[in-house]
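The chain contents come next:
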Amino acid sequence: MSAEDYLTLQGIHKRFDDTVVLRDIHLCVKRGEMLCFLGPSGCGKTTLLRIIAGLEAQTRGTLHQAGRDISTLPPMQRDYGIVFQSYALFPNLSVADNVAYGLTNRKMPRAERQARVAELLEMVGLPESGRKYPGQLSGGQQQRIAIARALATSPGLLLLDEPLSALDARVRVRLRGEIRALQQRLGITTILVTHDQEEALSMADRIVVMNQGDIEQIGTPGQIYQRPATPFVADFVGKTNILPAKLGEHGRVQVGRYELACGTLNGCHSGEDIRVFFRPEDVRVRSLDEDETNVFDGDIEKIEFLGAFSRVTLRMASCDHPLYADLSPADMNALRPAAGGTLRFAVPQEAVRVFRHG
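Keep in mind it's a predicted model, so treat the numbers as computed, not measured.

*Asks:* Where do I start with the nonpolar core in this structure?
*Replies:* Nonpolar side chains tend to gather and get buried jointly when the protein is soluble and globular. Judged by nonpolar contacts, the single largest core of 42 residues is most densely connected at Ile145, Ile179 and Ile207. For this core, the element with the most residues is helix H5 (residues 139-151), which contributes 6 residues. Counting 29 residues, the second-largest nonpolar core is a separate cluster that includes Ala245, Cys268, Val285 and Phe296.

*Asks:* What exactly am I supposed to notice about the packing of H5 against helix H6 (residues 169-186) here?
*Replies:* When two helices pack together, you describe them by how their axes are tilted relative to each other and by the distance separating the axes. Where H5 contacts H6, the axes come no closer than 11 Å and their chain directions differ by 20°. Here H5 is positioned roughly parallel relative to H6, judged by the angle of their axes. Remark: the crossing between H5 and H6 carries right-handed chirality. In this structure, H5 uses Gly140, Gln143, Arg144, Ile147 and Leu151 to contact H6, whose residues at the interface are Val171, Arg174, Leu175, Glu178, Ile179, Leu182 and Leu186.

*Asks:* Looking at this structure, I do not really get the domain arrangement of the protein. What am I missing?
*Replies:* Interface size, as often reported, equals the accessible area lost upon joining of the parts. Segmentation of the protein into domains returns domain 1 (5-232) and domain 2 (239-356). Look at where the C-alpha atoms of domain 1 and domain 2 centre, and you get two points 39 Å apart. With 8 residues of domain 1 at the contact, the number on the domain 2 side is 7 residues. Together, the buried faces of domain 1 and domain 2 total about 590 Å²; carbon and sulfur atoms form 51% of this surface.

*Asks:* Help me understand the environment of Met332, please; the structure alone is not making it clear to me.
*Replies:* Positionally, Met332 belongs in helix H10 (residues 329-335). Here Met332 falls in the buried class, since its relative accessible area comes to 16%. It is 13 Å that separates the C-alpha atoms of Met332 and Lys302, two residues lying 30 residues apart in sequence. Discounting chain neighbours no more than four positions away, the residues touching Met332 are Ile303, Ser310, Leu327 and Pro337.

*Asks:* Whenever I open this one, the environment of Glu301 confuses me. Can you help?
*Replies:* Within the secondary structure, Glu301 sits in strand E15 (residues 295-305). For Glu301, a relative accessible area of 41% translates into the label partly exposed. As a C-alpha pair, Glu301 and Cys43 span 258 residues in sequence and 35 Å in three-dimensional space. Ignoring sequence-local partners within four residues, the contact set of Glu301 consists of Thr313, Arg315 and Ala339. A polar contact is formed between the side chain of Glu301 and the side chain of Arg315, at a distance of 2.9 Å.

*Asks:* Which parts of the structure should I look at to understand the UniProt feature "domain: ABC transporter" (unreviewed entry) in the protein?
*Replies:* As recorded in UniProt, the sites labelled "domain: ABC transporter" (unreviewed entry) are residues 7-237. Summarising residues 7-237: 36% helix, 26% strand, and an end-to-end C-alpha distance of 26 Å.

*Asks:* So what exactly am I meant to see when it comes to H5 here?
*Replies:* Structural remark: α-helix, 3.6 residues per turn; residues separated by three or four positions point the same way. In this model H5 runs 19 Å from its N-terminal to its C-terminal C-alpha over 13 residues, within 8% of the 18 Å that 1.5 Å per residue would give. Counting buried residues along H5, 11 of its 13 residues qualify, which places the element largely inside the surrounding structure. Listed in full, the buried residues belonging to H5 are Gly140, Gln142, Gln143, Arg144, Ile145, Ala146, Ile147, Ala148, Arg149, Ala150 and Leu151. For H5, the elements touching its buried residues are strand E6 (81-83), helix H2 (95-99), helix H3 (101-105), helix H4 (110-123), strand E7 (157-161) and H6.

*Asks:* Honestly, the packing of aromatic side chains in this entry has me stumped. Any pointers?
*Replies:* Note on aromatic pairs: each is described by the distance of the centres and the angle between the planes. Overall, the coordinates contain 5 aromatic pairs when judged by the stated rule. Consider the rings of Phe232 and Phe236, whose centres lie 5.4 Å apart with planes at 10°: the pair is stacked. One end of the pair, Phe232, and the other, Phe236, are both in helix H9 (residues 231-236), 4 residues apart, so they sit about a helical turn from each other. Its relative accessible area of 16% is what places Phe236 among the buried residues. Seen in terms of ring centroids, Tyr258 and Phe296 are 5.7 Å apart; in terms of plane orientation they differ by 90°. Their pairing is edge-to-face. Linking Tyr258 in strand E13 (residues 258-261) with Phe296 in strand E15, this pair joins segments that are 38 residues apart in sequence. Of the two residues examined, Tyr258 and Phe296, each falls in the buried class. We note Lys239 situated over the ring of Tyr324; from NZ or CZ to the ring centre the distance is 4.2 Å. The ring of Tyr225 has Arg279 lying over it, and the distance from NZ or CZ to the ring centre is 4.0 Å.

*Asks:* Just to check I follow, could you spell out H4 for this structure?
*Replies:* For H4, with 14 residues, the first-to-last C-alpha span of 20 Å sits near the 20 Å given by 1.5 Å per residue. Taken together, the buried residues of H4 touch H2, H3 and H5. Of the residues trailing H4, Gly125 is marked for its positive phi of about 80°.

*Asks:* Sorry if this is basic, but what is going on with the sheet that holds strand E1 (residues 5-16) here?
*Replies:* Strand pairing in a sheet takes place through backbone hydrogen bonds and is either antiparallel or parallel in direction. Reading across from one edge, E2-E1-E4-E5 is the order of the 4 strands in this open sheet, with antiparallel pairing throughout. Of all strands in the sheet, those bounded by a partner on one side alone are strand E2 (19-30) and strand E5 (68-69). Against the sheet, helix H1 (residues 45-53) engages E1, E2 and strand E4 (60-65), with an angle of about 120° to E1.

*Asks:* How should I be thinking about the pairing of E4 in this particular structure?
*Replies:* For a regular strand, side-chain orientation follows a simple rule: the groups alternate between the two sheet faces. Across 5 bridges, the pairing between E1 and E4 is antiparallel. What sits directly across from Thr8, in E4, is His64. Here E4 pairs with E5 via 2 bridges, running antiparallel. Opposite Gln65, over in E5, you have Arg68 as the bridge partner. Adjacent in sequence and paired antiparallel, E4 and E5 are bridged by 2 residues, among which Ala66 carries a positive phi angle near 50°.

Parameters at a glance
Numbering of residues begins from 1 in every chain and follows the order in which that chain's sequence is written. Two thresholds apply to this predicted model, a pLDDT of at least 70 for residue-level local features and 80 or more for giving and counting side-chain atom pairs, whereas whole-chain, interface and lining totals are computed over all residues. Heavy atoms from the whole structure form the basis of all side-chain values; hydrogens and water molecules are not counted. Here the nonpolar core consists of buried residues drawn from Ala, Val, Leu, Ile, Met, Phe, Trp, Tyr and Cys, with membership extended through side-chain atoms lying within 4.5 Å. Per-residue accessibility, obtained with a 1.4 Å probe over protein chains only, is compared with the maximum for each type, and a residue is labelled buried under 20%, exposed over 50%, and partly exposed between these values. Helix and strand definitions here come from DSSP, where helices need a minimum of 4 consecutive H or I residues and strands a minimum of 2 consecutive E residues; each element is numbered from the N-terminal end. Fitting a line to C-alpha atoms yields each axis, with helices limited to the stretch in contact; the angle taken between N-to-C directions then spans 0 to 180 degrees. These descriptions rest on fixed angle ranges, namely under 35 degrees for roughly parallel, over 145 for roughly antiparallel, 65 to 115 for roughly perpendicular, and the rest for oblique. In this scheme the crossing of two helices becomes right-handed for a clockwise turn of the near helix relative to the far one and left-handed for an anticlockwise turn of less than a right angle. Contacts were defined at the residue level, with two residues in contact if any of their heavy atoms lie within 4.5 Å. Residue ranges assigned to each domain were obtained from an automatic or database domain assignment. Buried area: the accessible surface (1.4 Å probe) lost by two parts on joining, summed over both. Under the rule applied, a polar contact is a pair of N or O atoms within 3.5 Å (in protein, one hydrogen donor and one hydrogen acceptor; residues adjacent in sequence only if both atoms are side-chain atoms). UniProt positions are given in the numbering used here, feature names are shortened, and annotations may be inferred rather than shown by experiment. By this rule the span expected of a helix is its residue count minus one, scaled by 1.5 Å. Ring pairs are drawn from Phe, Tyr and Trp, using the six-membered ring of Trp, whenever the two centres fall within 6.5 Å, and their geometry is named by plane angle: stacked under 30 degrees, edge-to-face over 60, tilted for the rest. As a reminder, the over-ring test applies to NZ of lysine and CZ of arginine, requiring each to be within 6 Å of the ring centre and within 35 degrees of the ring normal. Here a strand pair is declared whenever DSSP counts at least two bridges between the two strands.

Structure follows, in structure tokens:
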């Protein structure tokens, strides 16, 4: 454990009857960072958060927070605040009393409690809402109050369990920016659980990608997106082209009757069945040189306008899988592609990643 590590998990394993939910999770959370558990439903991310909170007991393994062994401590003896997807506000208490709930239980003097509540309501942008009740607030406002309540006791760790998933898209985007800014301003160590890739990529310092109880990769958003370590990460995070292929000599990849040069072989060997991955936004369609590698012609199957870009679905002869290319408005204006036509495109060698099949 280094001086930067605030929370360490060693060999966390969880079994429900005959079902293994988590397999020997080893993880260090750095002091002051926002770490995100990202993965599909059922991958074990919420169970792991609940174990950290003491709401679920691990089958085996240990947890240390700020040098203290919390492996068997009940929730009330652990130092954290938690925000749930459902807000979990008390409907019969005013907003101020909801925020003050933990302070009241700790028997903080009334004047101090009121000052702290006022400070927190100001912090989350709702200074005039103390006398209202949760039912009088919007979903986004209720979630801000839940965050204020979680921060009231000045915990060392903030746990966010899918805190934005019940909100509509525009509120979600705004609130995630506010939460991130607040977390950075306070410098509080934070763990966020989400299945939303965009949420994870935009908010986290580091992302823990989970799948079926295992950690697939830990890295910064840039590392996770640009250098996925496993086929699952490459497929789960962002839109990806995935093509079955065979690895030939000298690092050449055979896709149907086409050959591609790739940037890294990821330990694959000649003759192996592999899968090829590259992002739609890596596909180039203009200023293609005659001697450039990985240049192909594709039939345009359809074009989807997605605002900042247009996604073109391409078909190549002898290739059963469609390809996707994301074209900028400038590309679209210059080339005027249309369904039923053809498009010449290039896939940069450094953008092509290969993994063993299976």
